[in-house]
Amino acid sequence: MIIRLGHSPDADDAFMFWALSAGLIETPLQFEHVLRDIQTLNEWAREGRLEFTALSVHNLAYVADRYAVLRHGGSFGDGYGPILVAREPVPLKELRHYPIAVPGRLTSAYLALRLFLPEARTVEMPFDAIMPAVQWGEVPIGLLIHEGQLTYQQHGLVRLLDLGVWWAEQTDGLPLPLGVNAVRMDLPLDVQREIARVFRESIRLGLENREQAMAYALRFGRGLDAQTADRFVSMYVNALTLDMGERGQRAIEELLHRGAEAGIVPHTTIHYCLTD
């Protein structure tokens, strides 16, 4: 059986899928890797296009009737997360007066921004176009995800707010849930569980063979040096990634609950796929 697997062409995703790509895991399933940016994957998930896909936690509010969340492969900002940047300092109380470039309205970063600043004026851009747009004055403020969280200073930008820090302060220390991996619930249950098992094993092997997994991940680092790429992967591939546990599930449900209470997303029930 061929399983189309959608994930972003990023170093952290590549790290998680290294062992699977290298053929180190025995499985009767065949995986076809489909690499797209997270906004595209979110839109595809609304259509149920892929059997196994990465998607934003925000988007779960719209696809929870179709996809079950794996406890493995989640991206959580544990005391850090997407950041707001500008060329010059801007008081937070004045942010409502400025347009903010965001990496898609289905991203978790956008949901967190709306919870922080309900009246935010936003303009959508590809995530990798936001930092140059702020740098060259095309937009005054940008919301950065991925490696931009670590490299913004190299582009002469200043951080206005870390939404992961803000979220932790609002939730008594919960991590900010950003991305998850999910399987389509119309697949047979044994196939869903095999996908989850294979993915968990791939993450485990990556963490246990870090040097080899990082060498593969660097191919997707978009020009990051080895040290910065390793730091980025460490932020989003860790113990919570191997198994989100009760703390991770609580973070996901809290983010979507607050989003629903604020009228940003519909109320929904999350389904989880277990390996055992």
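Details of the structure are given in the entry above.
From a predicted model like this one, the values you see are computed outputs, not experimental measurements.

Undergrad: Could you give me a rundown of the overall build of the protein, with the residues and numbers involved?
TA: A count of helical and extended segments in the protein gives twelve helices and twelve strands. Computed over its C-alpha atoms, the radius of gyration of the protein comes to 18 Å, within 12% of the 19 Å expected for a compact globule of 276 residues. Per-residue burial for the protein yields a buried fraction of 58% across its 276 residues. For the protein, the accessible area works out to roughly 11700 Å², and carbon and sulfur atoms hold 48% of it. Taking the average place of the 25 positive charges on the side chains of the protein and the average place of its 35 negative ones, the gap between the two points comes to 3 Å.

Undergrad: Hey, could you go over the environment of R4 for me, with residue numbers and the actual values?
TA: Along the chain, R4 turns up in strand β1 (residues 2-7). Using a relative accessible area of 29% as the deciding quantity, one classes R4 as partly exposed. Note: C-alpha distance between R4 and F52 (48 residues apart in sequence) is 6.2 Å. Apart from the residues lying within four places of it in its own chain, the contact partners of R4 are E32, V34, R49, L50, E51, F52 and R184. Here R49 takes part through its backbone oxygen, which lies 2.7 Å from a polar atom of the side chain of R4.

Undergrad: I'd like a description of helix α1 (residues 11-21), backed by residues and values.
TA: For α1, the buried fraction is high: ten of the eleven residues fall into the buried class. Inspection of α1 places A11, D12, D13, A14, F15, M16, F17, W18, A19 and L20 among the buried residues, and these make up the whole buried set. Downstream of α1 by one or two residues, G23 has phi in the positive range, about 70 degrees.

Undergrad: Give a description of the packing of α1 against helix α8 (residues 189-208) that names residues and reports values.
TA: As a packed pair, α1 and α8 sit with axes 7 Å apart at the nearest point and diverge in direction by 105 degrees. With respect to α8, the element α1 is oriented roughly perpendicular. Taken together, the residues of α8 that come into contact with α1 (itself represented by F15, M16, F17, W18, A19 and L20) are V198, F199, S202, I203, L205, G206 and L207.

Undergrad: Lay out the pattern of salt bridges in plain terms, naming residues and giving numbers.
TA: Oppositely charged side chains can pair when the atoms bearing their charge come close. Overall, the coordinates contain 13 salt bridges when judged by the stated rule. R71 serves as the salt-bridge partner of D243, at 3.1 Å between the closest nitrogen and oxygen. Taken together, the residues span a long stretch of sequence, with D243 in the loop between α11 (239-242) and α12 (245-261) and R71 in the loop between β4 (67-70) and β5 (75-77) at a distance of 172 residues. Assessed through its relative accessible area of 18%, R71 is described here as buried. Each of E201, R204 and E208 takes part in one network of salt bridges that share partners.

Undergrad: If you had to explain the pairing of strand β7 (residues 99-102) to someone new, which residues and values would you point to?
TA: As paired elements, β7 and strand β8 (residues 121-124) share four bridges and run parallel to each other. Bridging across to β8, A101 finds its partner in V123. Tracing the backbone out of β7, into helix α4 (residues 108-116) and back to the parallel element β8 gives a crossover that is right-handed. Both β7 and strand β9 (residues 141-144) contribute to a ladder of two bridges, which runs parallel. By the bridge assignment, I100 is partnered in β9 with I141.

Conventions we followed
- Along each chain, the written sequence defines residue order, and numbers are assigned to residues from 1.
- With pLDDT at 70 or above as the cut-off, local features in this predicted model cover only qualifying residues; side-chain atom pairs require 80 or more to be listed or tallied, and sums for whole chains, interfaces and linings still use all residues.
- As a rule here, side-chain values come from all non-hydrogen atoms in the structure, and water together with hydrogens is ignored.
- The way it works is that DSSP assigns letters per residue, a run of H or I at least four long becomes a helix, a run of E at least two long becomes a strand, and they are numbered from the N terminus.
- To get the radius of gyration, use the C-alpha atoms; to get the globule rule, take the number of residues to the power 0.38 and multiply by 2.2 Å.
- Type-normalised accessible area, obtained with a 1.4 Å probe on protein chains alone, sets the label of each residue: buried when under 20%, exposed when over 50%, and partly exposed for intermediate values.
- Note on areas: these come from Shrake-Rupley sampling with a 1.4 Å probe, and a residue is covered only by the protein chains present in the view.
- Residues scored as positive are Lys and Arg, those scored as negative are Asp and Glu, and His as well as the terminal groups of each chain are ignored.
- Charge coordinates come from a single atom per side chain, which is NZ of Lys, CZ of Arg, CG of Asp or CD of Glu.
- Residue contacts are counted whenever heavy atoms from the two residues lie within 4.5 Å of one another.
- Whenever two N or O atoms come within 3.5 Å, that pair is a polar contact, provided that in protein one can donate a hydrogen and the other can accept it, and provided that, for residues adjacent in sequence, both atoms are side-chain atoms.
- Axis lines are fitted to C-alpha atoms, over the contacting stretch for helices. Their N-to-C directions set the angle, which ranges from 0 to 180 degrees.
- Here the angle decides the label: under 35 degrees means roughly parallel, over 145 means roughly antiparallel, 65 to 115 means roughly perpendicular, and every other value means oblique.
- For this analysis, a salt bridge means a side-chain nitrogen from Lys or Arg found within 4 Å of a carboxyl oxygen belonging to Asp or Glu.
- Two strands are said to pair when DSSP picks up at least two bridges between them.
- When the strands point away from the viewer, a crossover counts as right-handed if the route from the first strand across the helix to the second turns clockwise.

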